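A closer look at the structure
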Amino acid sequence: MIVSHTESSFIRRAVEWDTTDLPVPVDLIVYTKDEWKRLDRNTRFHRMLLDETVWVYNRLQNNEVE
C-alpha cells in the first residue's frame, strides 16, 4: 500500500489496517509516496514487488506511484 503520509513507524503501519475482509490472505507493506519513490530500483526486493504485487485498488488516475 502507498499512502500520502503517516506518523506511524514503518514496522507498525501494516497492523493499523484491517485486511480480514479481503477474500485472500494479504502480506501488507505500507510505504509513503516519498519512500516508494526512493526505493532502490536495482534490488531483488524491488523486482519482486514489481513481479508479484497485486494492486487491488488504485485511486490515482495517472499511476503516480510508479
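Note that the structure is a prediction, hence the values are computed from the model and not measured.

**Here's the deal with the overall build of the protein**
- Within the protein one finds three helices and two strands.
- Along its sequence from the N terminus, the protein presents helices and strands in the succession β-α-β-α-α.
- Within the protein, the proportion of its 66 residues that are buried is 20%.
- Taking the intrachain contacts of the protein between residues at least 6 apart in sequence as the baseline, contacts between residues at least 24 apart amount to 47%.

**Considering a nonpolar patch on the surface**
- Taken together, the side chains of F10, I11, I29, F45 and M48 present a nonpolar region at the surface, about 440 Å² in accessible area.
- Listing elements by their share of the nonpolar patch, those giving two or more residues are α1 (10-13) and α3 (44-52).
- Tracing the backbone through its elements, the reader meets F10 in helix α1.

**Let's talk about the confidence of the model for the protein**
- The share of residues in the protein with pLDDT of 70 or more is 85%, and the mean pLDDT across the chain is 83.
- Mean pLDDT values for the elements of the protein range from 86 in α3 up to 93 in α1.

Procedures and definitions
Residues numbered from 1 in each chain as written. Predicted model: local features only at pLDDT ≥ 70, side-chain atom pairs only at ≥ 80, totals over all residues. Heavy atoms only, no water. Helix = DSSP H or I, 4+ residues; strand = E, 2+ residues; numbered from the N terminus. Buried < 20%, exposed > 50% of the residue type's maximum accessible area, 1.4 Å probe, protein only. Contact = heavy atoms within 4.5 Å. Patch = residues over 30% accessible without salt bridge, like charges linked within 9 Å, V, L, I, M, F, W, Y side chains within 5 Å. Areas by Shrake-Rupley, 256 points an atom, 1.4 Å probe, with all protein chains shown as cover. Salt bridge = Lys/Arg side-chain N within 4 Å of Asp/Glu carboxyl O. pLDDT = per-residue confidence, 0-100.

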